[in-house]
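An overview of the molecular structure
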Amino acid sequence: MEKSLIEFRNVSFRYGENQPWVLENVSFQIASDEWVAIIGHNGSGKSTIAKLMNGLLFAQEGEILVDGLPVNENTIWEVRKKVGMVFQNPDNQFVGTTVRDDVAFGLENRGVQREEMLKRMEESLNAVGMKEYALHEPHRLSGGQKQRVAIASVMAISPDVIILDEATAMLDPKGRQEIMKTVQSVKKQKNLALVTITHDLNEVVQAERVIVMNQGKLLFEASPRDVFKRKAELREIGLDTPFTAKMAEELNKRGVVLTGEPINHEELLEELWTLHSNR
Ligand SMILES: Nc1ncnc2c1ncn2[C@@H]1O[C@H](COP(=O)(O)OP(=O)(O)OP(=O)(O)O)[C@@H](O)[C@H]1O
Ligand SMILES: [Mg+2]
């Protein structure tokens, strides 16, 4: 594992003194080159974690480090240069009248010089395939295009980690795939860490590691394969397993015994093929 970029140390959080704790004693680390998915039922604390990561909220107990920097009022601007965030609804994120202005906004805010700004705007819009839309009005774009622009705006800041909080939830399956492809290529190009918060199991199985949240507590963390092996536990906390995992389970029940734990279509096909050719 590369050095840790984000570290939660025994973090607890509540939205006010008389409110219940929504995060309790949460600890984990995310490496600087890693893709981590966070899953959990509605209200389990995922978005709160995201907001704590870039100083939109501050922990009442414990400590959060970003690139070794403790996140607090004095460090938020440093932290926000390192942590880029894309939310579910892009409309709430647009501030500019054109796509270009919108990407420029975050850069101006961070005092980036004009020359450098133009370069980064061009580069990031290009990376998400939205260069031709630079002069378009953001609110007239499709949902998928809006999310691309939101990603470009975040990319332009050149963060060390991008957090996607249900950023593909409003898109159709094809739109989701395209956004995830874009994000993955950005991740690769820039060698970033990626944190995806999602209910989409196809996205979860692509991550390198999964953090499972339940009622504000970190239940366990493991590779997607190992997470989805624990089907009963997941069911108990109201989480689904990928179609292929369920399919394999049903096949097993009916006497088609697969040796592995396929978590995507390719693996399932491979398993079935091996079984067939060994008959
Ligand atoms: N601004 C707020 N004020 C008070 N309580 C809040 C606020 N935002 C969230 N909560 C509560 O904190 C808990 C955790 O919410 P959070 O948004 O982190 O969950 P989540 O896992 O992201 O859920 P979802 O899957 O629905 O997005 C929930 O019980 C929620 O009702
Ligand atoms: Mg949420």
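Structural data are supplied above this passage.
The rules we used
Residues numbered from 1 in each chain as written. Chains lettered and ligands numbered in written order. Predicted model: local features only at pLDDT ≥ 70, side-chain atom pairs only at ≥ 80, totals over all residues. Heavy atoms only, no water. Helix = DSSP H or I, 4+ residues; strand = E, 2+ residues; numbered from the N terminus. Rg over C-alpha atoms; globule rule 2.2 N^0.38 Å. Contact = heavy atoms within 4.5 Å. Areas by Shrake-Rupley, 256 points an atom, 1.4 Å probe, with all protein chains shown as cover. Salt bridge = Lys/Arg side-chain N within 4 Å of Asp/Glu carboxyl O. Buried < 20%, exposed > 50% of the residue type's maximum accessible area, 1.4 Å probe, protein only. Core = buried A, V, L, I, M, F, W, Y, C linked by side-chain atoms within 4.5 Å. Near = heavy atom within 4 Å. Polar contact = N/O pair within 3.5 Å; in protein donor to acceptor, adjacent residues only side chain to side chain. Nonpolar A, V, L, I, M, F, W, Y, C, P; charged D, E, K, R; others polar. Pairing = 2+ DSSP bridges. Axes fitted to C-alpha atoms, helices over the stretch in contact; angles between N-to-C directions. Parallel < 35°, antiparallel > 145°, perpendicular 65-115°, else oblique. Left-handed = near helix turned anticlockwise from the far one by under 90°.

Below, the discussion takes up the overall build of the protein. Counting secondary structure elements, the protein contains eleven helices and ten strands. Whereas a compact globule of 279 residues would reach a radius of gyration of roughly 19 Å, the protein reaches 20 Å, a difference of no more than 12%. With respect to the principal axes defined by its C-alpha atoms, the protein has extents near 65 × 50 × 35 Å. Sequence separation of at least 24 residues holds for 62% of the intrachain contacts in the protein that already meet a minimum separation of 6. Only carbon and sulfur atoms are counted for the fraction: they give 47% of the accessible area of the protein, which is about 14400 Å².

Summed over the entire model, instances satisfying the criterion amount to 23 salt bridges. Among the salt bridges present, the one from glutamate 63 reaches arginine 9, with a minimum N-O distance of 3.3 Å. One end of the pair, glutamate 63, is in strand β4 (residues 61–66); the other, arginine 9, is in strand β1 (residues 4–14), and 54 residues separate them in sequence. Judged by relative accessible area, which is 35%, arginine 9 ranks as partly exposed. We note a salt bridge from glutamate 250 to arginine 254, for which the minimum N-O separation is 2.7 Å. Look at arginine 254 and you get exposed, because its relative accessible area is 61%. The structure contains a network of salt bridges with shared partners spanning Glu7, Arg9 and Glu63.

Moving on: the nonpolar core. Among the nonpolar cores identified, the biggest contains 48 residues, and Ile162, Val212, Val227 and Phe228 are the most heavily contacted of them. The greatest single-element share of this core, amounting to seven residues, is contributed by helix α5 (residues 143–156). With residues near it in sequence (within four places) discarded, phenylalanine 228 still touches Leu201, Val204, Val205, Leu234, Asp240, Thr241, Pro242 and Ile263. In this structure, Val11, Phe28, Val71 and Ile211 belong to the second largest nonpolar core, which totals 29 residues.

So, about the site of ligand 1. Around ligand 1 sit Tyr15, Val22, His41, Asn42, Gly43, Ser44, Gly45, Lys46, Ser47, Thr48, Glu166 and His199, and that is every residue in its neighbourhood. Lysine 46 places a side-chain nitrogen or oxygen 2.7 Å from an oxygen atom of ligand 1. In this structure, an oxygen atom belonging to ligand 1 sits 3.3 Å away from a side-chain N or O atom of histidine 199. Look at ligand 1: alone it shows 640 Å² of surface, and the protein chains cover 58% of it. Here the element with the most residues in the shell around ligand 1 is helix α1 (residues 46–53); it accounts for three residues. Partitioning the shell around ligand 1 into residue classes produces two nonpolar, eight polar and two charged.

With that out of the way, let us pick up the sheet that holds strand β5 (residues 69–70). Strand order in this open sheet of four strands is β2-β1-β4-β5, and the pairing throughout is antiparallel. Here the strands that pair on one side only, and so sit at the sheet edges, are β2 (21–31) and β5. Two elements, β4 and β5, share two bridges in a ladder whose sense is antiparallel. When the sheet's bridge partners are listed, leucine 65 is paired in β5 with proline 70.

Bringing the packing of helix α10 (residues 243–253) against helix α11 (residues 265–277) into the picture now. Helix-helix packing is described using two parameters, namely the angle between the two axes and the distance between the axes. Two numbers describe how α10 lies on α11: the axes approach to 9 Å, and their chain directions differ by 25 degrees. It follows that α10 is roughly parallel to α11 by the angle criterion. Judged by the twist between their axes, the crossing of α10 over α11 is right-handed. On α11, the residues touching Phe243, Thr244, Met247 and Leu251 of α10 are His265, Leu268 and Leu272.

Okay, unusual backbone geometry next. Non-glycine residue aspartate 67 carries a positive phi angle of around 55 degrees. In this fold, aspartate 67 is placed in the loop between β4 and β5. The exposure class of aspartate 67 is partly exposed, given its relative accessible area of 29%. In this model, serine 158 sits at a positive phi of 50 degrees, which is unusual for a non-glycine residue.

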